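# Chains, contacts and geometry: an overview
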Amino acid sequence: MGRIDAPPCGSFLNCRDHYARLYRLYESVWGPYFHYGIYRTPQDTAQSAQENTINIMLAELNISKGSKLLDIGCGNGRTSSYILNNYKARVTGIDFVPQLVAHAGSTAITQKEGTLDFLVGAAENMPFESCSFDCAISNEVLCHVSDKKKVFSEVARVLRPGGMFVFSDLYEISHSGRLNEFHKKLSHVQPMALLGELIRAISEGSLRLIKTMDYSSQLRLNYLKTNESLLANREKILVEYGSDLLEYVASVISTGSDRSLISELGWGIFVCSLRT
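Before going into details, it helps to say that this report is about the structure given with it. (Residues numbered from 1 in each chain as written. Predicted model: local features only at pLDDT ≥ 70, side-chain atom pairs only at ≥ 80, totals over all residues. Heavy atoms only, no water.)

### Structural notes on the pairing of strand β1 (residues 68-72)
- For β1, the buried fraction is high: 4 of the 5 residues fall into the buried class.
- Examined bridge by bridge, β1 and strand β2 (residues 90-95) share 5 bridges and lie parallel to one another. By the bridge assignment for β2, Leu-69 is matched with Val-91.
- Regarding topology, helix α3 (residues 78-87) serves as the crossover connection from β1 to the parallel β2, and that connection is right-handed.
- Sheet topology places β1 next to strand β4 (residues 133-139); 4 bridges connect them, and they run parallel. By the bridge assignment for β4, Asp-71 is matched with Ile-137. (Buried < 20%, exposed > 50% of the residue type's maximum accessible area, 1.4 Å probe, protein only. Helix = DSSP H or I, 4+ residues; strand = E, 2+ residues; numbered from the N terminus. Pairing = 2+ DSSP bridges. Right-handed = clockwise from strand over helix to strand, strands pointing away.)

See the structure below:
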């Protein structure tokens, strides 16, 4: 792969541009799923920690062979593939970054049982008929979306009666402004929602929040582990991506590793059901 030319740090046009340019770098530094992981033992790798997160989330869903599951903001498709491989479900992944959807489709592994499809589309306006899915999952997507109520409304629309939605997401502890540059570099919505605002956005629609799990204490560890990966792959990243992107990612990781700054950010898993 040739070297990627990128704009100066922090000057990506929007979230779509951000991930279109950086997804391969995130895969090599952050881990195969490039979402936050839950480290349970010193032996956990980025991949095993990220799979811990997925397994905790999937345990809240009643997935059986042939279940129709929607992965909202599927990114590189690794979570969707993981679900197919372990549950033999009929999985559909949707993401609004065409490059990611193409990449997901090119790396997907075909199984004898279950199906896996990837589509381009936005969480706020999903290209599906109503009552299309038994359950849905999403990892750190809503922190990039301004109209969260619209997303929750769309999730409720595409779920079948009795359907469940589990998602992980970031939220701010307070609107101090200390993380504004961090949010800008990661294409997060500013200001990021407070926990209470996120919960209200759920409860004001057709979804019912039935469980929350707080894993905020895992955030700094994720960035420390990512920094180890960055240092180990520094020369390769410099050659493939250039000094601007190396500096860009290093600055994000530095903020995430700062105990006083990252303590202003929360991360949790939210389990919702469709109201009857």
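### Regarding the packing of helix α1 (residues 15-29) against helix α4 (residues 98-107)
- Packing of α1 against α4 brings their axes to within 8 Å, and their N-to-C directions diverge by 35 degrees. Here α1 contributes Arg-16, Tyr-19, Ala-20, Tyr-23, Arg-24 and Glu-27 to the contact with α4, which in turn contributes Pro-98, Gln-99, Leu-100 and His-103.
- A class-by-class count of the residues in the contact of α1 with α4 yields 5 nonpolar, 2 polar and 3 charged. (Axes fitted to C-alpha atoms, helices over the stretch in contact; angles between N-to-C directions. Contact = heavy atoms within 4.5 Å. Nonpolar A, V, L, I, M, F, W, Y, C, P; charged D, E, K, R; others polar.)

### Considerations on the packing of aromatic side chains
- All told, the structure shown has 15 aromatic pairs when counted by the stated rule.
- Ring centres of Phe-167 and Phe-270 lie 4.9 Å apart, and the angle between their planes is 15 degrees; on these two criteria the pair is classed as stacked. Here Phe-167 is found in strand β5 (residues 159-172), whereas its partner Phe-270 is found in strand β7 (residues 265-274), with 103 residues between them in sequence. As far as the burial class goes, Phe-167 and Phe-270 line up, both buried.
- An aromatic cluster is built from Trp-30, Tyr-36, Phe-182, Tyr-215, Tyr-223 and Trp-267, whose rings are joined through pairwise contacts.
- Across from the ring centre of Phe-133, 5.4 Å away, lies the NZ or CZ of Lys-68, which sits over that ring.
- The side chain of Arg-78 reaches across the aromatic face of Tyr-33, ending 5.2 Å from its centre. (Phe/Tyr/Trp six-rings, centres within 6.5 Å; stacked < 30°, edge-to-face > 60°. Lys NZ or Arg CZ within 6 Å of the ring centre and 35° of its normal.)

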